[in-house]
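# Fold and geometry: a report
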Amino acid sequence: MKRFLVILATTVCLQAAAQQRYTNPILHQDWSDPDVCRVGDDYYMTASSFNFIPGLPILHSRDLVNWEIIGAALESYPSPMLTVEHGKGVWAPSIRYHDGWFYIYVGDPDRGIFMVRTQDPAGPWEAPVWLWHGKGFIDPCPLWDDDGKAYLSHALAGSRAGLKSVVLVAPMSPDGTRLLGLSRIVFDGHATQPTIEGTKFYKRDGWYYLFCPAGGVSTGWQTVLRSSSPLGPWEEKIVMAWAPGTINGPHQGAWVDTPAGSHWFLHFQDKGAYGRIVHLQPMSWAEDGWPMIGEDPDGDGIGQPVRSWESPFDTAQGDGVPSPAQGQICAGLPSAVWQFPSSGYRLQGGSSLWAMPLEGDGMRLFSAQQHEGYRTLWHCQNLIQQKFPAESFNVGAVITFCPREGLGEDCGFVVMGNSYAGFRMTDTPQGARLERISCEKAASDSTETVQFLRLLDWETVSVNYPAASGNVPQAKYPRARRASVHVRLEVRPKAVEGNVPDAMCQLLWSTDGKRFVKAGKPFRATPDMWTGARFGFWCRRSGESNDSGWADVRALSIDF
C-alpha cells in the first residue's frame, strides 16, 4: 500500500507539472478573416463584419487561447447601407500597432479602402479615412518599413474588379492616411496560387513576407511570399495545407509571436452554418528563412493543422466563446455581441435607434417601419442578432409584445441564414397570433411558409396618467396591451460526409415556461452570404406612424 501511495503521489506531481494543452478551434464562433497584433503582453484581434453593425469587433487576449470582446471599432458605417446588403461592407481587415496608434485597414469591395485608428483599442476609434475610392480592392495590410517609408498590400475581388489571383502593393504616406501612388501587381498566382488573397505584410531579418491563403476558402492552403524588396520579385512556398483527418481550408489569418520568442498563427476554418471559426497553430522558422505552420509529420516542410497543442502560456482553455467585457454597453446595446444587419437604422455617432438595454436584464426593440423593398425577414433592417456560439447549444428567452393599434406590427425570434425559420407574434384584435415561419432560399426572394400555433390573449396594462387639474385636461391615451411567449432553440450537429457537420435546429415554445411544445420538425441552419447562421429578435411595422410599439426580450439564456 505504501508503494502504491508513492507511485500515486509521483503521478499526481507529474500531471501537475505537465504543460497545459489547448484543442482547436479556440473560438467556435464566426470570426471570419481574423487578424491579430501583439502590443507588449496583450493581443488584439479584429475580423470581417461584412454588413453587420457594430462592425470591426475588437477582441483581447493575454494567452492567445482565451479571448474577450472589448468593443467594436466601427459603430456606424462610413457609407450608410440603407438596405440590408448581405455579404457586403467590411471584408478582411488588418490590425497593426505603430508609433503609439492602433490602425485597422479595411477593404470594402464596392467602395474602396478605408482606415480607422485609436490609441485605446477598447475605443473610441476615430472616424474612417478613405485611402481609395473604387471597386474591387480587398484584404489590405500596411507595413511601416525601417527607413520610415510605408506600404499597403492588397488583393482583388474578381466579382468587382474582373481580375483575381494577384497581389498588389502601393506606396503609402508614413502617417497611413493616403496612398502616394497607384497599386502595382507584384505577384501573379494564376499558375501556382489560384485565388491568392488575404494579404498580411511583415518584415523579418531583412526579408519581406506576404502571408496569403490560396486555393479557395474551404479547399485551400497557406502560402508565403518572400522578397528582399517590398515590391518584389517574390519567391513562393506553401507552408500549411490540410491533409486527410485535419481541418478543411485552412484559410487566412495572422502571424504573431510571444515575448518569450515562440511563434503562432491564427486562421479560420469555414464550418458552414457554424461560420468561420478560429484555430491556433504553432509556427516555426527554418534556417533557410521560411516558416512552417502546424506540424510536419512527413517532414516535407509543409505543415498541416493540429488538433491539439501545448498552450503558448501554459494556461487552461475555456469554452471557446469570447466573453463580453463586464457591464459593457456598445452602441447602446447590451454588448458588442449583438449586431444589426444594416447601418441604415443607426443614429449619428453609432447609438442604436431601435434597441435599448433594460434595467436588470434584457433589451427593448422598438418597431421600425421597413423600407419599400421589404418582402421577408431577409430584408429586415432592425433584426438584432448574434453568432452561433458552439456546435451544441440552447437558447431561451421570453418575448413580450406591446404593439400599438393599427400599425401592422409583428415581432419574434429567428434563426437567420440564406434560409430561415422562427416564431412570429402578430398584432390582431383577437389576440397576439403566434406562428412558426420559415423561408427556403430567402436570398432568392422566396415566400414565407406560415404555420399557425396559437392565439395568445392580450393582457391589459394599467397606465396611470396625471388627473385633470385646473385648465389642463387629463391626457387620453390608448390602454397598453401585451402578450408573452417563452421561446427555445436547440442546436445539435449532425454528421455528414466530410469534415463539416450540419447544424440541426429545433424550435420550441411555451406559455408558462414549464411545458414546451415543439414547433414543427428539426431544420438545418444555413449560412448567410460569407457568414454563419445567427439567431436573433426583431420588431417591425408596416404602417406609418410618429411613434412605435415594442417587444421586450428578457430571461435570455445560452447554455451548452
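Residues numbered from 1 in each chain as written. Predicted model: local features only at pLDDT ≥ 70, side-chain atom pairs only at ≥ 80, totals over all residues. Heavy atoms only, no water.

## As for the pairing of strand E4 (residues 55-61)
To keep it simple, the criterion reads: Residue exposure (1.4 Å probe, protein chains only): buried if accessible area is under 20% of the type maximum, exposed if over 50%, otherwise partly exposed. Put simply, DSSP marks the helices as runs of H or I at least four residues long and the strands as runs of E at least two long, and each gets a number from the N terminus on. Strand pairing requires that DSSP identify at least two bridges connecting the strands.
The buried fraction of E4 is high, at 7 of 7 residues. By the bridge criterion, 3 bridges tie strand E3 (residues 42-46) to E4 in an arrangement that is antiparallel. Across the sheet, residue tyrosine 43 finds its bridge partner in E4, namely serine 61. Linking two consecutive strands that pair antiparallel, namely E4 and strand E5 (residues 68-74), is a turn of 6 residues; a positive phi of about 70 degrees is found at leucine 64 within it.

## Regarding the sheet that holds strand E6 (residues 91-98)
The cut-off we apply is this: Working convention: axes come from line fits to C-alpha atoms, limited for helices to the stretch in contact. Angles between N-to-C directions cover 0 to 180 degrees.
In space, the 4 strands of this open sheet follow the order E6-E7-E8-E9, with antiparallel pairing throughout. The open sheet terminates on both sides in strands that have one partner only, identified here as E6 and strand E9 (129-133). The average angle at which neighbouring strand axes cross in this sheet is 20 degrees, direction not considered.

## Some thoughts on the pattern of salt bridges
Stated precisely, the cut-off is as follows: In what follows, salt bridge is the name for a side-chain nitrogen of Lys or Arg lying within 4 Å of a carboxyl oxygen of Asp or Glu.
Summed over all chains, the structure comprises 23 salt bridges. For arginine 540, the salt bridge identified is with aspartate 410, shortest N-O distance 2.7 Å. Residue arginine 540 is located in strand E38 (residues 534-541), and its partner aspartate 410 is located in strand E29 (residues 409-416); the two are separated by 130 residues in the primary sequence. Since its relative accessible area comes to 7%, aspartate 410 is described here as buried. With a shortest N-O distance of 3.3 Å, arginine 488 and glutamate 490 are connected by a salt bridge. Glutamate 490 sits in the partly exposed class, given a relative accessible area of 25%. Salt bridges sharing partners connect three or more residues here, namely Arg424, Arg433, Glu435 and Glu448.

## As for the sheet that holds strand E11 (residues 150-156)
Reading across from one edge, E10-E11-E12-E13 is the order of the 4 strands in this open sheet, with antiparallel pairing throughout. Whereas interior strands pair on both sides, the edge strands pair on one side only; in this sheet they are strand E10 (137-144) and strand E13 (184-188). Across the sheet, the axes of successive neighbouring strands diverge by a mean angle of 25 degrees, strand direction being ignored. The pairing of strand E12 (residues 166-172) with E13 spans 4 bridges and is antiparallel. By the bridge assignment for E13, leucine 168 is matched with isoleucine 185.

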